[in-house]
Amino acid sequence: MRNDHVTLRSTAVFDLLAPRTPPVPVKVELRYDTRDPYAVVAAFRTGRAGWVEWVFARDLLSDGLLGEAGDGDVRIRPSMEDPDSVFVELNSPSGHAMFEASAQELADFLDQTYDVVLPGNEHLWVDVDDALTRLIPHDLG
């Protein structure tokens, strides 16, 4: 396990798409933290003080830049009409949202994460003992 942890942050604007309305720009902060090297966080600005965070696999972002990826709450796919765009679809019990984002901005962010942790080396950053300690209740007796 490595101890020289890094957190990357990048700001982007995704367009929220809805039927019969113009796209609405939404500020999004993309984060990558080596303490959770398999995941990325997309924090969506929801108002003056609110943020909604979605955590998903870094591989899902990578795969979604090239083709349709994801079969759960987060789905990412390139736009067939515009090679410079990708669609990010989010589903939850409270609703559904479809965003259009810059493929280049997402690829640049992904490249920055690869500069910190190469694909396939994520396991070198995971503290298994710490993860187990958080998962197992301390009051077993």
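This text goes with the structure placed above it.
Residues numbered from 1 in each chain as written. Predicted model: local features only at pLDDT ≥ 70, side-chain atom pairs only at ≥ 80, totals over all residues. Heavy atoms only, no water.

## So, the packing of aromatic side chains
Summed over the entire model, instances satisfying the criterion amount to 3 aromatic pairs. A network of ring pairs unites the aromatic residues Phe14, Phe44 and Phe99 as a single cluster. (Phe/Tyr/Trp six-rings, centres within 6.5 Å; stacked < 30°, edge-to-face > 60°.)

## Quick word on the packing of helix H1 (residues 58-66) against helix H2 (residues 103-116)
In contact at an axis separation of 10 Å, H1 and H2 are set at 140° when each is read in the N-to-C sense. On the basis of their axis angle, the class for H1 and H2 is oblique. Where H1 crosses over H2, the two elements pack in a sense that is left-handed. Contacts between H1 and H2 involve Arg58, Leu61, Ser62 and Leu65 from the former and Ala103, Leu106, Ala107, Phe109, Leu110, Thr113 and Tyr114 from the latter. Partitioning the contact of H1 with H2 into residue classes produces 8 nonpolar, 2 polar and 1 charged. (Axes fitted to C-alpha atoms, helices over the stretch in contact; angles between N-to-C directions. Helix = DSSP H or I, 4+ residues; strand = E, 2+ residues; numbered from the N terminus. Parallel < 35°, antiparallel > 145°, perpendicular 65-115°, else oblique. Left-handed = near helix turned anticlockwise from the far one by under 90°. Contact = heavy atoms within 4.5 Å. Nonpolar A, V, L, I, M, F, W, Y, C, P; charged D, E, K, R; others polar.)

## Observations concerning the sheet that holds strand E1 (residues 7-17)
Sheet strands associate in pairs through backbone hydrogen bonding, adopting either a parallel or an antiparallel arrangement. With antiparallel pairing, 7 strands are arranged side by side in an open sheet as E4-E3-E2-E1-E7-E6-E5. Both outer strands of the open sheet, strand E4 (51-57) and strand E5 (74-78), are each paired with one neighbouring strand and no more. The mean inter-strand angle of the sheet, taken between neighbouring strand axes irrespective of direction, is 30°. In this fold H2 packs onto E1, strand E2 (24-33), strand E3 (39-45), strand E6 (85-92) and strand E7 (95-102), with an angle of close to 160° to the strand it touches most, E1. (Pairing = 2+ DSSP bridges.)

## Things to note about the nonpolar core
Counting 31 residues, the largest nonpolar core has Phe14, Phe44, Phe56, Phe99 and Leu106 as the members making the most contacts within it. Looking at this core element by element, the count peaks at 5 residues for H2. (Core = buried A, V, L, I, M, F, W, Y, C linked by side-chain atoms within 4.5 Å. Buried < 20%, exposed > 50% of the residue type's maximum accessible area, 1.4 Å probe, protein only.)

## Describing the pairing of E5
Pairing of E5 with E6 involves 5 bridges; the strand directions are antiparallel. What sits directly across from Ile76, in E6, is Val88. Adjacent in sequence and paired antiparallel, E5 and E6 are bridged by 6 residues.

## Considerations on the pattern of salt bridges
Evaluation of the coordinates by the stated rule reveals 5 salt bridges. Among the salt bridges present, the one from Arg9 reaches Glu29, with a minimum N-O distance of 3.2 Å. Within this pair, whereas Arg9 is found in strand E1, its partner Glu29 is found in strand E2, the two being separated by 20 residues in sequence. Glu122 serves as the salt-bridge partner of Arg58, at 2.7 Å between the closest nitrogen and oxygen. A residue pair is termed long-range when its members are at least 10 positions apart, and Arg58 in helix H1 and Glu122 in the loop between H2 and helix H3 (128-135) qualify at 64 residues. No difference in accessibility class separates Arg58 from Glu122, as the two residues are buried. (Salt bridge = Lys/Arg side-chain N within 4 Å of Asp/Glu carboxyl O.)

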